Amino acid sequence: MYEYLDKVNSPQDIKNMNIDSIDLLAKDIRKFLVKSISETGGHLASNLGVVELTLALHKVFDSPKDKIIWDVGHQAYVHKIITGRKDAFPTLRQLNGLSGFPKEEESEHDIFDTGHSSTSISVAVGIACARDIKKEKYDVIPVIGDGAMTGGMALEALNYLGDIGTDMTVILNDNEMSIDKNVGGMSKYFSSLIKNSSVDIFKDEFEKLLSVTSTGEFISKTAYKLKDTIINSFSPQESEFFDSIGIKYIGPIDGHDTKQLIESMTYAKFLKGPKILHVITKKGRGYRYAENHPDKYHGVSKFDIKEGVVPSGKQSISDAVGEKLIEMASRDDKIVGITAAMPSGTGMNLFEKVYPDRYFDVGIAEQHATTFAAGLAKNGLKPYFAVYSTFLQRAYDQLIHDVCLTKKPVTFMIDRAGLVGNDGETHHGVFDLSYLNPIPNIVVMAPKDTKELEAMMDLSLKLDSPVAIRYARGNSYCLDTGHYGEIKLGEYEVLNQGEDVAILAIGNMVKQALGACEELKKKNIDATVVNARFLKPMDEELLKKLFKDHKNIITVEDNSKVGGFGSRVNNFVIQNNCNVKVVNLGISEEFIEHGSQDELYEIVSISSSKIAEEVEKILER
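Residues numbered from 1 in each chain as written. Predicted model: local features only at pLDDT ≥ 70, side-chain atom pairs only at ≥ 80, totals over all residues. Heavy atoms only, no water.

Caption draft 1: A look at the overall build of the chain. Of the regular secondary structure elements, the chain holds 26 helices and 19 strands. Taking the contacts inside the chain whose residues are at least 6 apart along the sequence as the reference set, 77% of them involve residues at least 24 apart. Per element, the accessible surface of the chain, about 24900 Å² overall, is 49% carbon and sulfur. (Helix = DSSP H or I, 4+ residues; strand = E, 2+ residues; numbered from the N terminus. Contact = heavy atoms within 4.5 Å. Areas by Shrake-Rupley, 256 points an atom, 1.4 Å probe, with all protein chains shown as cover.)

Written out as structure tokens, the structure reads:
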């Protein structure tokens, strides 16, 4: 089916190809990617943009001996294809199938598990230093995007790399986008490198000077002698930034010119010390829909190749947050919105369109975003920081030290809380209730549905304290049960009154608890279902009444059972000497694999059917 791709089962097969064959292989891979991802969903635009870059890496370097480390990792599909996993692509991001990110247990070619941004250079420096201590011989090549380079961790690692001077080639994959358009000084700096340089001139002069056609020994000697001439003559003056911290800059390089990529990487390979190779790529290359709208094709569900991705027409929970914040901002001019490079993913892109002067995208910098929000609050504004649960983990110290310690009225809109599905371990937001639980001064809420989420946002505006509202990924929905309207601080609601057992569910698990209640009714088991919408403060009066009327209690959360909602209920039971039996349902002390939300709910026993089964077991005992 694919003339050239069908011949590739390992990186060694690429080493035996000439430039023309590799270019034809690149075309095959793009066709394969579009077809495969259209059937499974996944990250499309980023992978279409790195085809030639990945092939050149495996042509020049010897994986897995040489360590190729992918930052974030959602652009590693091509790497997976040519390292023996193309036949597994029908299972991409499916339960028990191929991960959408590099995974050490999946292949020896996946050097490090990744999923979050800006980690690759730190990992690479660690591997390289260990290599030097052990007197081993191999190359270490982190591949990082220009968006990820805005992350403080990447800059810290670059600073240290320049200081110690170990041998390493950093590949900067510059497509001028991460998921949404990049922002900030680093983005402007990289743009200036491109603007003030000529990829074509550099290419021509590089070919004349280096002529990478002879033996490796000749290349090594020649490259080392000519390094200063090449860099100083054909790189823009702005590259002095890298030189000033001890890192040689090479580029910019056309990231879709296979010959130029191979020659540039070969030169960098034999140039000793730390180097950064600046490669210009186009996200979505080869599939016009993805080229024209790379943000929409960053992560996609199944789609028709001829028509492209067709919007579902359904409002997402994230967009509902953005629209509600717009409505609130129309009433209160102190409200401002913040995102850390995820405006479309969090609904903040909607807010930006209406209130551009009250909107801040700080780049991939969650730590800065959190303390920045504290500064805004200090000066009388009401900041709302919309951030994925798994990414807020990066700002834990700032959350404690800069927001909660000083009681700054910052509201964290914690998106993608709970089990997010196919992105897997690195993206599940199953620790936020646990890491927020012990922090003083913060109110933590989780709505039963989108309508209640909006009411919680109204409440947050009235509170003069830090607030966190956590909510799930998916389409907006309304359970149409219980009370809607103004919410009182710390007040739970009883959605169904029963006698046999009390199910206390928080956030997205209320829907599952109500489903369990219906299943139990068929077996003549009458369950009380409580929407425990506050982690803190708790509704202590209602809890005392429930524990007086029920002897069997089940807590349900899509969060770690260690230190989460159930743990807080357990502490209440102990402190108040309640005579009840409590069973906690949630995520056990383990990392949960990728799969659909429904599949994962079954696996971790928080689906409606599993909750009902647990109730039956308790009553039998």
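We are not done yet, so read on.
Caption draft 2: Fine view of the side chain of asparagine 496. With respect to the secondary-structure elements, asparagine 496 resides in strand S14 (residues 493–496). A polar contact is formed between the side chain of asparagine 496 and the backbone oxygen of alanine 527, at a distance of 2.6 Å. Excluding anything up to four places from it in sequence, asparagine 496 contacts Cys517, Lys521, Asp526, Ala527, Thr528 and Val529. (Polar contact = N/O pair within 3.5 Å; in protein donor to acceptor, adjacent residues only side chain to side chain.)

Caption draft 3: Representation of helix H2 (residues 19–40) in the model. Look at H2: 31 Å from first C-alpha to last across 22 residues, which is about the 32 Å you get at 1.5 Å a residue. The N-cap of H2, judged by a side-chain oxygen 3.3 Å from the amide nitrogen of aspartate 20 a few residues on, is asparagine 18. Once H2 finishes, glycine 41 follows within two positions and takes phi at roughly 80 degrees, a positive value. (Expected span 1.5 Å × (residues − 1).)

Caption draft 4: Spatial organisation of unusual backbone geometry. In this chain, glycine 251 is followed by proline 252 through a cis amide linkage whose omega measures 0 degrees. Along the polypeptide, proline 252 turns up in strand S5 (residues 248–254). Of note, the bond from lysine 536 into proline 537 is cis; its omega dihedral lies within 30 degrees of zero at 0 degrees. If you trace the backbone, proline 537 turns up in the loop between strand S17 (534–536) and helix H23 (540–549). Positioned with a positive phi, aspartate 480 is a non-glycine residue whose angle comes to about 55 degrees. Within the element layout of this structure, aspartate 480 appears in the loop between strand S13 (467–470) and S14. Residue aspartate 480 is classed as exposed on the basis of its relative accessible area of 67%. Unusually for a residue other than glycine, asparagine 524 sits at a positive phi of about 60 degrees. With respect to the element layout, asparagine 524 can be found in the loop between helix H22 (509–521) and strand S16 (527–531). (Buried < 20%, exposed > 50% of the residue type's maximum accessible area, 1.4 Å probe, protein only.)

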